[in-house]
Amino acid sequence: MHQRTIRKPVTLEGVGLHSGKLARIAIAPAPANSGITFRTKDHDEPVPATVESVVNSHYATTVGRNGTRIQTVEHLMAAAAGLGLDNLSIDVDGPEIPAVDGSAKPFVTLLMHAGRTEQSAPRRPVVIPYPIGAGNGGRWIQIVPSDAFRISYTLDNDHPAIGTQALTCTPTEKMFIEDFAPARTYGFLKDLGALRKRGLARGASLENAIGVGKRGVLNGLRYRDEFVRHKVLDLIGDLALLGRPIVGHVIARNAGHALNFELVVAIQRALGLERRAAGVAALEPAPFPGRLVPAPAAI
Ligand SMILES: [Zn+2]
């Protein structure tokens, strides 16, 4: 299998889920082996969408380098991974990737509109040779050897609108486009005030997230189990930070961006794939100091 990029540049704009600020992205074809890179107006140096660039993984995945920050890259990364796109150059005018409808569907539509093209360089999948994991108790994630990329995910939540949702799949492109890309992010109304005080969810609305109130979902569901599907979407986007397709079976329970990120780091370390001796960039402090990863309010 060969690497792929898009045929022509495309643009999209919208409000960021966390920042609430308007941003515009321009996605362009990129050479083989260059991977997915982000560039902002203020810094010429591109930020590769890799583990080494992750500066925050609480509530959303933020990449950055030398003061540049690009927040909430995971749904766009998931769209690229789901469509088998390896190389993209993404200019971002704003602090955050637009939330659009809270899913990866608008990015899939955009990238399909751009068209895809094969490049001469081969893809180099990462084959998982033995179990690698992160987390413990009720929140964990692991990857075990398998003949294909598979995901088994269980989401437990006390809220009756969510409950226990579980699925196992061997994602194909068609399945990604139809069953996962449209699944939206979600948030609990009761958490909104606290999140906004911490600079999060400032752009969140019922247009770009499933709102979960006391009595249930406020704006309808696209799938009965949309919550766990969105967790799978986030996972696909975070795994794409490895920069290479994975052959292995990911099994997760109540994981979120932070644990997804821990798994990707653990895979890199286990397989000796680190790009820099220094390893991972210094992480920003958690928004809730002293607390473990917050409940799966999985924006
Ligand atoms: Zn998400």
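Everything below is about the structure printed above this text.
Here the structure is a predicted model, which is why all the values come from computation and not from measurement. (Residues numbered from 1 in each chain as written. Predicted model: local features only at pLDDT ≥ 70, side-chain atom pairs only at ≥ 80, totals over all residues.)

*Asks:* Could you give an account of helix α5 (residues 226-239), with specific residues and numbers?
*Replies:* Compared with the 20 Å implied by 1.5 Å per residue over 14 residues, the 20 Å span of α5 between its first and last C-alpha is a close match. With respect to burial, α5 is a largely interior element, 14 of its 14 residues being buried. (Helix = DSSP H or I, 4+ residues; strand = E, 2+ residues; numbered from the N terminus. Expected span 1.5 Å × (residues − 1). Buried ≥ 20, exposed ≤ 12 C-beta atoms within 10 Å, placed from the backbone.)

*Asks:* Residue-level account of the sheet that holds strand β15 (residues 163-169), with values.
*Replies:* Strand order in the open sheet formed by five strands is β12-β13-β19-β14-β15, with mixed pairing between adjacent strands. Edge strands, defined here as strands with exactly one partner in the open sheet, are β12 (132-136) and β15. Across this sheet, the average inter-strand angle for adjacent strands is 5 degrees, counted without regard to direction. Two strands pair when backbone bridges link them, and β12 and strand β13 (residues 139-144) are joined in this way by five bridges, in the antiparallel orientation. Of the residues in β13, the one forming a bridge with N136 is R139. The strands touched by helix α6 (residues 257-271) are β12 and β13; relative to β12, the strand with the most contacts, the crossing angle is about 145 degrees. (Pairing = 2+ DSSP bridges. Axes fitted to C-alpha atoms, helices over the stretch in contact; angles between N-to-C directions. Contact = placed C-beta atoms within 7 Å.)

*Asks:* Report on unusual backbone geometry, specifying residues and quantitative values.
*Replies:* Unlike most non-glycine residues, N33 shows phi in positive territory, near 65 degrees. Turning to its location among the elements, N33 is positioned in the loop between β3 (22-29) and β4 (36-40). Using a count of 13 C-beta atoms within 10 Å as the deciding quantity, one classes N33 as partly exposed. The phi torsion at N66 lies on the positive side, around 50 degrees, for a residue other than glycine. C-beta crowding within 10 Å serves as the criterion here: with 7 such atoms nearby, N66 is assigned to the exposed category.

*Asks:* So, α6: which residues are in play, and what are the values?
*Replies:* Here α6 is 15 residues long and its end C-alpha atoms lie 21 Å apart, about the 21 Å a rise of 1.5 Å per residue gives. Among the 15 residues of α6, eleven are classified as buried, and the element is accordingly described as predominantly covered. When we look at burial in α6, the residues that qualify are H257, A258, L259, N260, F261, E262, L263, V264, V265, I267 and Q268. Packed against the buried residues of α6 are β6 (54-56), α1 (74-82), β11 (126-127), β12, β13 and α5.

*Asks:* Talk me through the sheet that holds strand β9 (residues 88-93); I want residue IDs and the actual numbers.
*Replies:* Spatial ordering of the open sheet is given by β2-β3-β9-β4-β5, a layout of five strands whose pairing is mixed. Two strands lie at the open edges of the sheet, namely β2 (10-15) and β5 (47-48), each paired on one side alone. As paired strands, β2 and β3 are joined by six bridges and run antiparallel to one another. Its bridge partner being in β3, L12 is matched across the sheet by I25. Docked against the sheet, helix α2 (residues 105-114) engages β2 and β3, running at close to 165 degrees with respect to β2.

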